[in-house]
Each structure stands twice: as structure tokens, then as C-alpha cells.
Amino acid sequence: MEDRRWWDEQAQTLPRPDLRLLQEERLREAVRRAFEGAPFWRRRFEAAGIGTDDIKALDDLSRLPPVRKSDLRASETEQPPLGDYRGVGLAGSIRLATSSGTTGRATFVTWTAADLRLDYELAARAHWRAGLRPGQVVVTAHPGYLNGGAAMTTGAYEHMGILPISVGPPESAEHAERVLRRLEGLPVDHWRLFPAALVRFREAAERIGSPVRLPEPEGVGPAAQSDKLSAGQECVSYLGSACGPGRGAHIAEDYAIVEVLDPATGEAVPAGQRGSLVVTSLGRDNPMLRYDLEDVVRVEDEPCGCGETSRRGFYEGRVKDLVPVADQEILPIDVWWELAPDAEFVLVRRPGADRLSVRVEHTGPVSGPDGLAGRLERRCGVPVDVEFLAPGTLARAGYKAVRVIDEP
Ligand SMILES: [Zn+2]
């Protein structure tokens, strides 16, 4: 069993015509479930002047306007506590968490038993691609309680037959040291940690001379950022992951319809071009129809050499981090590709700018930043000014790095 190439070979290698038929069958089911089960969706259909029979195929989806996080938040405010966008209420749910509230108040996420099992299945595809196998021991440090991350991760590992050890984020030096002492002698196969957590454990191991073997930090830098896709716990957490570095995330298209839209016009962009990620979840008790994640992605539709048949998505950044310069829109990842993976930098956004302004902490070898402006100009297609700063000058974020600042 451990030697098979995919977690779910049948689903992950489904021929594309069959995949489309499956998507459309599941789309009709999701539309019916949303319309019949949730007043929120019924109102949106009525406002668009359409009924459930008007959305039968993928091409019909565009008749329904995309929904955003702010719409879900408004529904929860108007009809507390859970809003009216869910197909199944608390009585039919077995888990509750809150979604990360990086912009505005967090919303609630609930799972039915069937939806939870589906999330575990999609998580297992991703963990399998990353080399995790049944019978292994895996340490995770996801946040728990209302965050839901630890429960989701450990649940998915258990679903796969993996033994998870959930140690929580290393919030203090003492915590990290205590974890390392407790785990001494346990046969850990993988440490699956966010880069910042791994750095803390490595520092702790050095301090106390721990014999625990920790991996080298990886998963930092633009390639790692672009290789994972999520549509959030409220939609499809494990939307996709890559079969190899830089190949883009294989999208779980049997359980999600992914559209890439021009944020200005709402029209679909051609394959390979940037646009905002809009996801319709399929096969769920709590469907989400055309959820606009306000993320910038591109999706390639050439077949991948690995044999999976899905399209592959690349995560490029947040819509709110787009920096207009002349006739281009630049994202932090465009600059990051020309810097070290752990570089500290910001893009400065100014109204009506015709030059891109970048500030970079100069921590690398002296030869590092030579010609940086020229390389950035070739990549971004606009004139670039680079300002080098002493290490430690830029503000450090506690959670997600701030890569764009606004100046007059
Ligand atoms: Zn592949």
C-alpha cells in the first residue's frame, strides 16, 4: 500500500472529460443544496434573477455573482451567531472552529461528519504527495482550540493511519525546550512545522543540546509560497499541493471548481494569466458557490508529467497587495524571486507611480544585491528604484509578513 503513487489514484488520475462530467453533476447537486438549505444563497439567486435550473453546467456559473468573506460576515452579524449561509445547522454538525480573521472579525466554520471526512481525504492527498505514509510518526505544531488547525491536521493524519504528535506552536523558549525533552527517544519520521516554528525548535535544541534530530528549514521563499492553494476552512482547506518543487498545486477539481477572474471585470482570464481565485466547493453538506478568496493565482492547464490529471495552480499573493506601477500590477512575489528566500523587503505603493520602489534589508554577501534593480526591471517590466537598508530596519510581523506599505 505504501508504494502506490497516489492516495486516491482513481480520483487523482481521472481523465479530464470524466472529471468535467463529475464536476457538473456535483455542481447541480451543490446548487440545489444551497438553494434549498440556506436562505443566504436563495436570496443571491433571486437577486441575480435565476433559479437552480439556470446553473447546470460549468459555463452557467458566471450567472451567479461571486461571494466574499465580507458577505459571510454580514450574514453572521444579521442573523447571529452562525448566519444563514450554511446548508446544515449546529444540530447536524460535529465540529466548530473560527476562520483566521486577518481582515475583520473571524467567521465560524462548522463541519458535518461527511464534510470533515472529505477534508481529511483531500488533506491525505496533499500529505501523501509530501511523502507521508501510514505507519509513520509525525510531529505538528499547528495552533489548536478555536483555530481548528491542530484538530484538522491531527484528524487527517489519523485518517491516513499516521500517528500525529501535536505539540502546539512553540510560544515560549520553555515550551519549545519542554517539547524537545519529552520527545527524546521517540522515533519521529517527520516534523511538519511552519518555518517560524521550526526555527524556534532548532534554536531550543541548540540551547539545551537536545539529541532530537530536526530537519533543515524549508518551505521558505517564493517557490514554496506558490506551490500551495487553499480556499480556507470555510470552503476547501486543502485545495491543492504540488507533486514537486515549483510545479504548482494539483487542484482537487473533483471537489472544487476553480475559476480565475479579472478582478476589475469579473471575466475569466486565459490559462496561465493572473487573476483572483474564485472557488465553488462540491460534494459538501455546506456548499460554497463562487467564493472569491481575494487571492491572486494563475492556473496552468498543460498536463503534468507526474500523471495526475488536474490543472495546477500557483499562489501569487493577496489582491490587497497588488501594487500598480505604470500599466503593470506588481506583487511582492515578483520581487522575492530575485532575492534570497529569507530576505526582508517591502514594496512601497504610491498613487499614480510610474516607477516601482523597493526597500531591501542588505544582509547577504556584498555581491548579492549587485544589479538587483536591473533584474527587477526585467522581471516586472517597469523602472525600479531599490533602497538598501541595514538589517533589522523593517518592521517584523508576528504572523504574516507585511510586504506592501502605502506612502503618499
Ligand atoms: Zn504533477
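Residues numbered from 1 in each chain as written. Predicted model: local features only at pLDDT ≥ 70, side-chain atom pairs only at ≥ 80, totals over all residues. Heavy atoms only, no water.

**A closer look at the coordination of the zinc ion**
For step 1, the next point in the chain: The protein atoms that coordinate the zinc ion are Cys 243 (SG), His 250 (NE2), Cys 304 (SG) and Cys 306 (SG), at distances of 2.1 to 2.3 Å.
For step 2, the next point in the chain: Here the zinc ion is ringed by four donor atoms whose angles at the metal span 99 to 114 degrees, and the overall shape comes out tetrahedral.
For step 3, the next point in the chain: In the primary sequence, the donor residues of the zinc ion line up as C-x6-H-x53-C-x1-C.
For step 4, the next point in the chain: Here His 250 falls in the buried class, since its relative accessible area comes to 0%. (Donors = N, O, S within 2.8 Å, 3.2 Å for Na, K, Ca; no water. Tetrahedral: all angles 85-135°; square planar, octahedral: opposite > 155°, others 65-115°. Buried < 20%, exposed > 50% of the residue type's maximum accessible area, 1.4 Å probe, protein only.)

**Overview of the sheet that holds strand β16 (residues 356-361)**
For step 1, the next point in the chain: Sheet architecture is open: four strands sit in the order β17-β16-β15-β18, paired in mixed fashion. Both outer strands of the open sheet, β17 (384-389) and β18 (404-406), are each paired with one neighbouring strand and no more. Across the sheet, the mean angle separating the axes of adjacent strands is 25 degrees when strand polarity is ignored.
For step 2, the next point in the chain: Bridge analysis of strand β15 (residues 345-349) against β16 gives four bridges, and the strand direction is antiparallel. Across the sheet, the residue bridging to Val 346 is Arg 359, located in β16. (Pairing = 2+ DSSP bridges. Helix = DSSP H or I, 4+ residues; strand = E, 2+ residues; numbered from the N terminus. Axes fitted to C-alpha atoms, helices over the stretch in contact; angles between N-to-C directions.)

**Things to note about unusual backbone geometry**
Trans peptide bonds make up most of the peptide bonds, and negative phi angles are found at most residues other than glycine.
For step 1, the next point in the chain: In this model, Pro 80 is joined to Pro 81 through a cis peptide bond whose omega is 0 degrees.
For step 2, the next point in the chain: Despite not being glycine, Arg 290 has its phi angle at roughly 55 degrees, a positive value.
For step 3, the next point in the chain: Tracing the backbone shows Arg 290 in the loop between β10 (275-281) and β11 (291-300).
For step 4, the next point in the chain: Arg 290 sits in the buried class, given a relative accessible area of 3%.
For step 5, the next point in the chain: Phi angles above zero are rare outside glycine, and Ala 326 is one such case at about 50 degrees.
For step 6, the next point in the chain: Tracing the backbone shows Ala 326 in the loop between β13 (323-325) and β14 (328-330).

**A few points about the domain arrangement of the protein**
For step 1, the next point in the chain: According to the domain assignment, the protein contains domain 1 (9-116 + 222-319), domain 2 (130-208) and domain 3 (322-406).
For step 2, the next point in the chain: Put simply, the middle of domain 1 and the middle of domain 3, counted by C-alpha atoms, are 31 Å apart.
For step 3, the next point in the chain: Counting from both sides, the interface comprises 12 residues of domain 1 and, opposite them, nine residues of domain 3.
For step 4, the next point in the chain: When the two sides are added together, the surface that domain 1 and domain 3 hide from each other amounts to roughly 910 Å², 65% of it contributed by carbon and sulfur.
For step 5, the next point in the chain: The interface formed by domain 1 and domain 3 includes one salt bridge.
For step 6, the next point in the chain: Between Asp 334 and Arg 274 there is a salt bridge, with the nearest N and O atoms lying 2.6 Å from each other.
For step 7, the next point in the chain: Applying the counting criterion to the domain 1 and domain 3 interface returns two residue pairs in polar contact (both at pLDDT 80 or more).
For step 8, the next point in the chain: Sorting the residues of the side of domain 1 that touches domain 3 by element identifies α9 (222-226) and β12 (312-318) as the ones contributing at least two each.
For step 9, the next point in the chain: Among the residues making up the side of domain 1 that touches domain 3, the classes are represented as five nonpolar, four polar and three charged. (Domains from an automatic or database assignment. Contact = heavy atoms within 4.5 Å. Buried area = accessible area lost by both parts, 1.4 Å probe. Salt bridge = Lys/Arg side-chain N within 4 Å of Asp/Glu carboxyl O. Polar contact = N/O pair within 3.5 Å; in protein donor to acceptor, adjacent residues only side chain to side chain. Nonpolar A, V, L, I, M, F, W, Y, C, P; charged D, E, K, R; others polar.)

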